[in-house]
Structure formats: structure tokens, C-alpha cells
Amino acid sequence: VARDGLALTGYLTRPADAAPDSRPPLIVMPHGGPEMRDYFDYDRDVQILVAQGYQVFQPNFRGSSGYGKIFADRGRREWGRAMQTDLDDGFDYLVGAGLADAGRACIFGFSYGGYAALAAATLTPDKYQCIIDGAGPSDLVAMMRWERKEEGYDSESYKYLVEHVGDPQRDKNALEAVSPAKLADRVTRPILILHGEDDGIVPYDQSARMEKALKKAGKDFKLVKLKDSGHRYMSDEDEQTYYTEILAFLREHLPVV
């Protein structure tokens, strides 16, 4: 249950050999979309992480699909706000239930999930031990302006994004208040950013903006450019780089004891 009383669900996948009373290090993994959802089925990222000894939590936060229109609409213009606190409330529930340790968790997401990871790094900077962002937006005003240029002011896709994220003109201050690239000075944990150079959904410029902000603020981060990848595809070489970098980063900052 979220802090405002909204009922939430999610999936916790644990290593097969984990004892019932054990608390392996946790990866909170919000899905992309954000109007999508996770299911109780095979997920390659989850299985790779669980095979390394981590437990993975996939929360279906407000704004997710599959729970009715009212639930999906609760996510409108809640980027960095209620959609974000739903992730924290799910994590806190696991800690309270004795399933996870508060000081042994990282957050990892791709696309909107990458944004949520960066938002965690800047809005709740001490909650997670490390942050992994795959192709996440970092500057919502710049992202919306890019969408308007790409799709057209009168396009259905741009109108949908304005309704769900905000208007880059009328809502500029509200969007900047939850844009990680504008809040880089708040970061206290190490960040790994991975992004395809040919991404046509979330442009690589979004990670370049985050890189510039983190560098200026003197923060601990690494940016990995996937030179032969887009948003929905990776070359075999980039895919190997992607998982190698993620697992090495986790071994350093959230080791499995």
C-alpha cells in the first residue's frame, strides 16, 4: 500500500538457493513505459541478476497499465512525484516485512525506469547504494521539446506526452524540479549510465546532459556509450558490454556476500 493508501502490487524474485529467512542484496527494477507493466513471467534481466545472487523487485507503480484506466491515469504528471514514491514505498514494505535490508539495495531501470533510477539518485539520494540508468531521460523540458520537434506539436504522440509528463512551456518549473540533470549536486551515490548512440526514443543527448551535470558537480559516475544500439535493439557486442558493465558495477557497489 502506498503512502496515500493506493493498493500496489509487484514481483519479488529470489535466488533459488536463498534460505527463507535470508535477505540477499536487492535490486529495485522499475519498468519502462511508463504505461506498461511487469508480469510474473520470464525476464532476462531479472534472471541474470538472480543468477548472480541478487533478489529483484519489480513494482507496478501507479501509471502502469493492466490495472484499469483509473490506475493508469493516477500516473499522469507524477514523474518524480507519486510514481517515484510508489517505488520507495514498495522497497520500504520489503524492508518492514524482513525480506530486504535498507542498506543493501540498488535501483536499476531502462527508459522510464532509467529516469526513475536517476530521480532516486537526486530526489532520495541516500536511499539506494547505487544507481543504474539505461537510456533514461534526465532533462524533462529538453526531452519534451525534442519530442515536439520530432513528432510535431499537433501529433497524438506529443499530446499524449504533454498530458502524462507536462508542457515544456507552461510546466517548465515543475518539470525542472524533477529533472535529474538539474539536480546533480544532490547525488551522493555512484551512478552507471548506459545509452545507445542511435536511440530514437530517448536521444543520447539526455545521457550527455546528465554526464555534463554530474561532471560539473564532481560526482562519482560512469557513462557507457553503446555505439551500435538504439532504444529497442543492441548489437551482440553492445549487449555483452551492457551486462558486463552492469554486473561489474554491482559487484563493486552492492557485493553479494
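We now turn to the structure provided with this report. (Residues numbered from 1 in each chain as written. Predicted model: local features only at pLDDT ≥ 70, side-chain atom pairs only at ≥ 80, totals over all residues. Heavy atoms only, no water.)

With that out of the way, let us pick up the pairing of strand 4 (residues 105–110). Counting buried positions over the six residues of strand 4 gives five, a clear majority of the element. Where strand 2 (residues 26–28) lies against strand 4, three bridges are found, and the strand directions are parallel. Paired with Leu26 across the two strands is Ala105, which belongs to strand 4. Direction of pairing for strand 4 relative to strand 5 (residues 130–134): parallel, over a ladder of five bridges. Counted as the bridge partner of Ile107 is Ile131 from strand 5. (Buried < 20%, exposed > 50% of the residue type's maximum accessible area, 1.4 Å probe, protein only. Helix = DSSP H or I, 4+ residues; strand = E, 2+ residues; numbered from the N terminus. Pairing = 2+ DSSP bridges.)

This paragraph deals with the nonpolar core. Membership of the largest hydrophobic core comes to 41 residues, with the highest contact counts inside it found for Leu26, Ile107, Tyr128 and Ile191. Listed by contribution, the elements that provide at least two residues to this core are strand 2, helix 3 (82–96), strand 4, helix 4 (112–123), helix 5 (140–151), helix 6 (156–164), strand 6 (191–196) and helix 8 (205–217). Sort the elements by how many residues they give to this core and helix 4 lands first, with eight residues. The residues contacting Ile191, other than those within four sequence positions of it, are Leu118, Ala121, Ile131, Leu214, Asp220, Phe221, Lys222 and Phe249. (Core = buried A, V, L, I, M, F, W, Y, C linked by side-chain atoms within 4.5 Å. Contact = heavy atoms within 4.5 Å.)

This part covers the pattern of salt bridges. Oppositely charged side chains can pair when the atoms bearing their charge come close. All chains considered together, the criterion is met by 18 salt bridges. Between Asp101 and Arg23 there is a salt bridge, with its nearest N and O atoms 2.5 Å apart. Linking Asp101 in the loop between helix 3 and strand 4 with Arg23 in the loop between strand 1 (9–13) and strand 2, this pair joins segments that are 78 residues apart in sequence. Overall, the relative accessible area of 22% leaves Asp101 in the partly exposed class. For Asp139, the salt bridge is made with Arg209, and the minimal N-O distance between the two is 3.4 Å. (Salt bridge = Lys/Arg side-chain N within 4 Å of Asp/Glu carboxyl O.)

In this section: the sheet that holds strand 1. Pairing is mixed across the open sheet formed by seven strands, whose spatial order is 1-3-2-4-5-6-7. Of all the strands in the sheet, the pair left with one neighbour each is strand 1 and strand 7 (221–226). Looking at each pair of strands side by side, their axes are set apart by 15° on average, direction ignored. Looking at chain direction, strand 1 and strand 3 (residues 55–60) are connected through five bridges and run antiparallel. From the neighbouring strand, Thr13 faces strand 3, where its bridge partner is Val56. Here helix 1 (residues 44–51) sits on the sheet in contact with strand 1, strand 2, strand 3 and strand 4, set at roughly 150° to strand 3. (Axes fitted to C-alpha atoms, helices over the stretch in contact; angles between N-to-C directions.)

Attention now moves to the environment of Ile132. Note on placement: Ile132 falls in strand 5. Overall, Ile132 belongs to the buried group, its relative accessible area being 0%.

This next bit is on the side chain of Asp45. Mapped onto the fold, Asp45 is located in helix 1. The charged side chain of Asp45 is buried without a salt bridge, its nearest counter-charge being Arg44 at 4.8 Å. Not counting residues within four places of it along the chain, the set of residues in contact with Asp45 comprises Met29, Phe108, Tyr242 and Tyr243. (Lys, Arg positive; Asp, Glu negative; His and termini not counted.)

Glancing now at the packing of helix 1 against helix 9 (residues 236–253). Remark: helix 1 packs on helix 9, axes separated minimally by 12 Å, with the N-to-C direction vectors making an angle of 40°. In terms of their interaxial angle, helix 1 and helix 9 are classed as oblique. For the pair helix 1 and helix 9, the sense of crossing is right-handed. Here Arg44, Asp45, Ile48 and Leu49 of helix 1 come into contact with helix 9, specifically with Glu239, Tyr242, Tyr243, Leu247 and Leu250. Taken together, the residues of the contact of helix 1 with helix 9 break down into six nonpolar, no polar and three charged. (Parallel < 35°, antiparallel > 145°, perpendicular 65-115°, else oblique. Left-handed = near helix turned anticlockwise from the far one by under 90°. Nonpolar A, V, L, I, M, F, W, Y, C, P; charged D, E, K, R; others polar.)

Put plainly, a disulfide is one covalent bond tying together the sulfur atoms of two cysteines. In the structure shown here, the tally under the stated rule is one disulfide. Residue Cys106 pairs covalently with Cys130 via a disulfide, S to S 1.9 Å. Between Cys106 and Cys130, the disulfide has an S-S torsion of 110° and is therefore right-handed. Of this pair, Cys106 sits in strand 4 while Cys130 sits in strand 5, placing them 24 residues apart in sequence. A single burial state applies to Cys106 and to Cys130, both of which are buried. (Disulfide = S-S within 2.5 Å.)

The next subject is helix 5. In this model, helix 5 (twelve residues) spans 16 Å end to end at C-alpha, consistent with the 16 Å of a helix rising 1.5 Å per residue. All of the buried residues in helix 5 are Leu140, Val141, Ala142, Met143, Met144 and Glu147. Summarising the contacts, the buried residues of helix 5 are in contact with helix 4, helix 6, helix 7 (172–176) and helix 8. Gly152 sits one or two positions beyond helix 5 and adopts a positive phi of about 100°. (Expected span 1.5 Å × (residues − 1).)

This is a description of form; function is not addressed.
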